Each structure stands twice: as structure tokens, then as C-alpha cells.
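So the chains spell out like this:
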Amino acid sequence: MSGNLIKKMSACALCAALACSTVSGTVYAEPAAESTTVKLGASSNKAVFSTDFEDGDVSMFSKRGDSDTSVIKAIEDSKAPSGSKVMSISGRDQSWNGPSLGVKGILEPDVKYDISVKVKAAWYNTVCISLQHTPGGSDQPQYTNLVKGVSQGDYVELKASFSYGEEEKDVSIYIETWGEANDLCVDDFVITESPNNMDPNAPSLKNVYANMFKFGTATTVSEIAPNSTKALVTKHFNSLTAGNELKPENVLDREACLALAENGDDENPQVTLETAKPILEFARKNNISMRGHVLVWHSQTPLWFFKENYDPDGAWVSKEKMLKRMENYIKNVFAAIKKDYSDIDFYAWDVVNECFTDYGEPREAGFPDESNQYAASPWVKIFGDNSFIKPAFKYAKAYAPKGCKLYYNDYNEYMQKSDAIVQLCKDINSDGHYIDGIGMQSHLNVTNNGPDPFPSVGAYRQALEKFSKTGLDIQVTELDATVNDKKFDLQAKYYSDIMDALVDYKDYISAVVVWGTTDDLSWRADHDPLLFNADYSVKPCFESIVDGIEYTDPKPEHKYPVVKSEVQGKQFRLAWTAVPDAQAYGLACYQNGKWRVKAQVDGNTTKYTSPKGITHGEYICVVCAKINGSWDTTNLKSRRFVIKI
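Residues numbered from 1 in each chain as written. Predicted model: local features only at pLDDT ≥ 70, side-chain atom pairs only at ≥ 80, totals over all residues. Heavy atoms only, no water.

**Re the side chain of lysine 247**
For the record, the criterion: Strands are runs of DSSP state E lasting at least two residues, helices are runs of H or I lasting at least four, and both sets are numbered from the N terminus onward. The buried label applies to any residue whose accessible area, calculated with a 1.4 Å probe on protein chains only, is under 20% of its type's maximum; exposed applies above 50%, and partly exposed to all values in between. Only four residue types enter the charge count, namely Lys and Arg as positive and Asp and Glu as negative; His and the chain termini do not. We count a salt bridge whenever a side-chain nitrogen from Lys or Arg sits within 4 Å of a carboxyl oxygen from Asp or Glu. Contact between two residues is taken to exist if any of their heavy atoms lie within 4.5 Å; hydrogens are not considered.
Relative to the helices and strands, lysine 247 resides in the loop between strand 13 (239-242) and helix 5 (248-251). Buried charge without a salt bridge: lysine 247, with glutamate 249 as the nearest opposite-charge side chain at an N-O distance of 6.7 Å. If sequence neighbours within four positions are ignored, lysine 247 has contacts with His293, Val294, Trp297 and Gln300.

Printed below as a string of C-alpha cells:
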């Protein structure tokens, strides 16, 4: 059995081998898609891809499609940041033209990387590193701007972090501009694996605040792709919000909508959860509750959704048709959740988002674009006012999963608009109970005016007091607090004071959610707004909000992986249930009176496929979880299972 069943990884008895953290982390799995490489601890920061173009080789970089007119070659440059040669990109016709590096064969999915590139524009321009990737199950590429900087004919260094998931396709890193398509030069292109300095012994936020409210985070598919980020989320948070993937632009299925419209039905918008699948699957696997965000919003909703026959150049639909579309859209979203993810606890959903100006007035009518600073509302364009809000809550109440509470969510909720929010909630519930709570986004600023934060803690408390008197639930939905010049001592004090206010109102608050995981991937990354550094280490503001709170860590549930096996010819497949806080799983077989380790996978993988051609016989096996650095090898006799080939 030993050279045929699976790749031999240790000759030690199971208890000894699984207790040793030096066992190889590479899974021997037949299908490449199921192979996972485990990398524990901090990275050595060794470059996985690096070139300074001194050898004149630019063959790894390609143009972005047939219509890209770029000419890419190595040239001499007396001002090169290092050496004498750089990569030149000339003849660009469009700002998106430029050099692209396909990551296949270079980088691995589910790993966080740091990239550093030096870029020069021929004259003043904004240069940008971007990521192109196509989600699994989709044929539509997505484009993410990682970082930008301004070149005035000089080299500027651009640094960013990025990752991608196992199911994503056609992943590439490329350089573009946000202004004219002038010539570019590139040097010192380096990609390294990001360091991981997460402290496994740090207090878990979800445990610290367990007796008060849920403590959650938001993430995008690309942000949560690295196993290191998954570990951070499972350790600290018991609520998860999809940052973009459940917004209308990602949920609406235009092709399916157009197909119905061609048959005369343009009132039943079709939806897909494919873009959100990695987040939903992660939440289900780790038993993390979710907030849905968001159903009705002026932003990140395509123009065609508001037009006749879903034609962006068509006429705006009537109020009556838009109400039908709204109802069917909400119904279809919740039906898709119930069909495919009924086992996820969707405990909250933002039904309507950001319908007021800072002065508590409805938004101007129109479609959000640069001309109106992306503030106009197509909903107001059709309805003339905010009269679309109450129907949205009525529809959501009719179709939402059982136990899912419904929220109105807004930013600057501690300003003048707070009175308008209170009145809106009264109006919605004037003839029934349709809205359950108020979402306070809480995008805060520590050093807005020198050392003075905005809002002040006093102003924030006033908003809490005002909303608590409505009788509705409060959730802090998008908490972050920017700071200038790395003044992390001020940030720590401000975070502590804000959390003190929330604790004082804990009887009215059911969840506090920070908007993101690590500073480098925040939408406000330039000002370090979150609780964790780029390397997952805790910041002073993390320490300030856990210090002094008495809590009891819950007793860990003693759970073992429940394994299902499937044998096909001379090959087998295993799938098992996830164990909370598992860092890795080990597969072992009983041979010659000893348990011998055969494979190890990371804690986010719950399946394994053996090679083909296994020798006939019966094999006694067990799957064990690694928790808090130790392998759980208790009760092996009762947990073992038999594979018959």
C-alpha cells in the first residue's frame, strides 16, 4: 500500500507525526484544482517573481489583447532606478493599453502577495497597477485598481497587496494610466509573498464582545482569497458582509434579463449569486453569520436596470414598472438564497442604502456619474422623491428568510441627516412593522482637523441616543477610522472611546462590523483605518478595544471531521465536515501497527482526491484537525474508517 495509496509523507506514528508542525504541507491530489499548498508562519519575503530587465528579456509581458497597440521592449535609460535597462511601453492608443503579466505558472491561488513596481510616464500622468480576473462560473472579467501614483516624467514606486481565488480564471497584473495614453517605462518589477504575523494568542474580538453584540467584518472575494486572511476572519469575527458581491451590479444577470425581455417580460429581473459564491461558501463552511448588503441603492446598480427592455439607451421606465421590477428583484434574490444557501444564517440585510444627502434631503434625480459626483439617484429620477423606500421594505419583509432583520443603512449618520433617518423609520412602520433597524456605517476620521476627530465622540453618542429612542435595533455596519501620518496613538484612543460608547448602548445594538480586514486592502488604505496591519499583526487600536474588558473564552466544542468516502475503481475521494478554528487537516492510514501520515491540507480545504492506480485492499484511515497548533488525535479508534479498493 505505501507507495501506491498516496504520496508517503512520514514514517512516524500518527501521534508523533501529527504533533510535528514540520510535516510537508503539499497535498498529493490527482486533479490539479484540488491541490493546495500550505505555508505556515511568516513568509521569508523572498521574491517569487522579479526582473530589472537588465537581461533585455520582456517576454513575460504581453499586450492586453489584439486591440492593444503597445510596443513593449527593453531599452537603455540613463535614469533607470537600477542598472541601465528598463521595459519601455510606447505606441499606446488607450489608457488601458500596457504590459500585462499572466500569473499562471508563477503565482498560486489563495496566497497573499505584495507587488512593487517603478513606473515613469513620459509626462504628467496617473499610473496604476491593476488586476484582471474572471470569477469562477463567469465569462466576464473584472478589473481591480490596486494602487495608483502620479508620475511627472520621473519614476514613482507603486506598492500594493493582492490575491486571487482558486476558481478565478485568466488572472493577470497589468500597468495602465488614468490619464492620457502616453509612453511608459517600467523597472524593478518584484512580487513577493506577503508576510503573515497574525498573533494566534491575541484575544478574539468575537469572544471579547460575545456578551454584547456580534463582531464582524466585510470582505471581497479577492480579499478573502488568501488562507491567511481566512484564518484572521475565522479567529476574530462571527459576522461577514460581502463588500461588493451582493450589490445589484454583481447580482443582476443581464443576459437572463434580456432573454426574458425578448419574450415580452422586462419586469422580472433575473439574478445570480455566482460572484458571491466564494464568500457564501466560506461563511457556510465556517458557520459564520452574514449581513446582506444591499438591495436598493443609487450606486453600483446598472443603468439598464431602470430602462425599458433593459436597454441603457432606452426610455426610463414608469413608477409602476419599477415597483414590479423592485419586487421581483427582491423576491428573486431571497429565493436564490433560500435555494442554495438556506443553511447560512443571514441575520440581517440592508434593504435601502444612502438615500439622503447630508442635509436630510432626497438625492437629485439622475444616474450617478462624474458630472454629479456620483451622487444622483435613478430611483429619484423615476419616483421623483424617496417614495420608493417603503415599498422596498414591504417587499423585503414578504420574501426575506425567516429571522433575517431588515435595515436602512447610511453614512454621516451622526450629522443633520439623523433626524431624516428617524422620521423615515417612523414612516416605514406607520402601518405595520417592515423595518427592524438602522445601520450606522460609521466611516470615521481620527485626524480630520489636526488632532480633532470627526465626528467627535460626543456627537457620535448623540446619534446613538437618538436612534436608540426609535425602538429599532442598531447595527454599526461599516466601521473604520482613518488617521494621518501614522498617528496610531490617537487612533487607538479614538477607537477605544467609540467602542466605549457602543458598549454603553449595547442593549440597543446587535452587531458591530468593521469594513475590511487589513489596512492595505481597505478602501481607505492611504490612511490606515482598520484594526490589523498588512501583515495581520494587531495595531494599537486593536489593543485599545480589547484592553480592560472582562470576558470568558468559550469552551471549545470537541468536534471531529465527519468523513465521507467515495471509491471509483482504483482511486478514492474524501470529503469531511469542517472543524471550527482548524488550521490544517491530516490524513493518515494504519500500517504495520502504526498510524502513518499520508497527506496534509490547509484548514480551509475539506476534500482530498487520491492518485489513481491504488493497490487492491482494505485501508484503515483517519482525518485529524490541527487546532491552536496541536493535532487532535483523541479517540482515533472510534473515528477511523475503512476504504475498500
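**Examining the nonpolar core**
The following threshold applies: Among buried residues, those of type Ala, Val, Leu, Ile, Met, Phe, Trp, Tyr and Cys that are joined through side-chain atoms within 4.5 Å constitute a nonpolar core.
Residues Phe215, Trp349, Val352, Phe388, Phe393, Leu502 and Leu531 are the most contacted members of the largest nonpolar core, which totals 108 residues. When residues no more than four places from it in sequence are discounted, the contact partners of leucine 502 are Phe213, Tyr460, Leu464, Val476, Ile509 and Val512. Counting 32 residues, the second largest nonpolar core, distinct from the first, contains Ile89, Leu131, Ile175 and Ile191.

**Looking at the confidence of the model for the protein chain**
The line we're drawing: pLDDT is a per-residue confidence score from the predictor, ranging from 0 to 100.
Residues of the protein chain with pLDDT of at least 70 account for 93%, and the chain-wide mean is 90. Low pLDDT (under 50) marks residues 1-44, which in the prediction has 107 contacts with non-local residues, meaning those over four places away or in another chain.

**Let's talk about helix 13 (residues 488-504)**
Going by this rule: Expected helix span is given by 1.5 Å per residue-to-residue step, counting one fewer step than there are residues.
Helix length check: helix 13 (17 residues) gives 24 Å between terminal C-alpha atoms against 24 Å at 1.5 Å per residue, within 8%. Buried within helix 13 are the following residues: Phe488, Gln491, Ala492, Tyr494, Tyr495, Ser496, Ile498, Met499, Ala501, Leu502 and Val503.

**So, the pairing of strand 7 (residues 125-134)**
Regular strands show a simple pattern: their side chains alternate between the two faces of the sheet. Our working rule: A pair of strands is considered paired only if DSSP assigns at least 2 bridges between the two.
In terms of burial, strand 7 is largely enclosed, as 10 of its 10 residues are buried. The alternating pattern of strand 7 places Asn125, Val127, Ile129, Leu131 and His133 on one face and Thr126, Cys128, Ser130, Gln132 and Thr134 on the opposite face, and all of these are buried. Alignment of strand 7 against strand 8 (residues 142-151), held across 9 bridges, turns out to be antiparallel. Residue pairing for strand 8: threonine 126 is matched across the bridge by valine 150. Pairing geometry for strand 7 and strand 10 (residues 169-177), over 7 bridges, is antiparallel. By the bridge assignment, leucine 131 is partnered in strand 10 with isoleucine 173.

**Considerations on the sheet that holds strand 23 (residues 571-576)**
Pairing between the strands of a sheet is mediated by backbone hydrogen bonds and can be parallel or antiparallel. Which entries qualify depends on this criterion: Each axis is a line fitted through C-alpha atoms, taken for helices only over the stretch in contact, and angles between the N-to-C directions span 0 to 180 degrees.
The strand order 22-23-26 describes an open sheet built from 3 strands, whose pairing is antiparallel. Both edges of this open sheet fall to strand 22 (563-568) and strand 26 (607-609), since each of them pairs with a single strand only. Taken over all neighbouring pairs, the strand axes of this sheet differ in orientation by 10° on average, direction set aside. Direction of pairing for strand 23 relative to strand 26: antiparallel, over a ladder of 3 bridges. The partner of leucine 574 across the bridge, within strand 26, is tyrosine 608.

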